[in-house]
Amino acid sequence: MTTFTELSEKIKTLKEARSILYNEYTQSDFHKKKEEHPHELVPSSPEDEEIYKLLTAIQQLDYHIKKLQDEQFKILKEEEEIKKD
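Residues numbered from 1 in each chain as written. Predicted model: local features only at pLDDT ≥ 70, side-chain atom pairs only at ≥ 80, totals over all residues. Heavy atoms only, no water.

Participant: Any chance you could break down the nonpolar core for me, citing the residues and the numbers?
Facilitator: Membership of the largest hydrophobic core is limited to seven residues, which are Leu 7, Ile 11, Leu 14, Leu 61, Ile 65, Leu 68 and Ile 75. For this core, the elements supplying multiple residues, two or more each, are helix H1 (4-26) and helix H3 (49-84). With four residues, H3 is the largest single contributor of residues to this core. Apart from residues no more than four positions distant in its own chain, Ile 11 is found in contact with Ile 65, Leu 68, Gln 69 and Gln 72. Listed in part, the six residues of the second largest apolar core include Tyr 25, Val 42, Ile 51 and Leu 54. (Core = buried A, V, L, I, M, F, W, Y, C linked by side-chain atoms within 4.5 Å. Buried < 20%, exposed > 50% of the residue type's maximum accessible area, 1.4 Å probe, protein only. Helix = DSSP H or I, 4+ residues; strand = E, 2+ residues; numbered from the N terminus. Contact = heavy atoms within 4.5 Å.)

Participant: How would you explain H1 if you had to name every residue and give the values?
Facilitator: Over its 23 residues, H1 extends 32 Å from the first C-alpha to the last, a length consistent with the 33 Å expected when each residue adds 1.5 Å. All of the buried residues in H1 are Leu 7, Ile 11, Leu 14 and Tyr 25. Buried residues along H1 sit in contact with helix H2 (29-36) and H3. (Expected span 1.5 Å × (residues − 1).)

So yeah, pure geometry; function would need other evidence.
Okay, structure coming up:
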């Protein structure tokens, strides 16, 4: 069984990776266009394909971070139940 500390380390690593990818995204022309016109649809260009991959990777990291945090919560609940007994 994975321990709370092991999960914390995995979450930390995933958050660092997400931060790196998000920084790459915020430096892109696509992001700058979205910032200039937040309520408009920014037309995609062939160069934006890499940005979409980046956004997909960020979403996947968010999913896995949430999944690990849910596991941590489950461990905390189980420990709390044990303390009550």
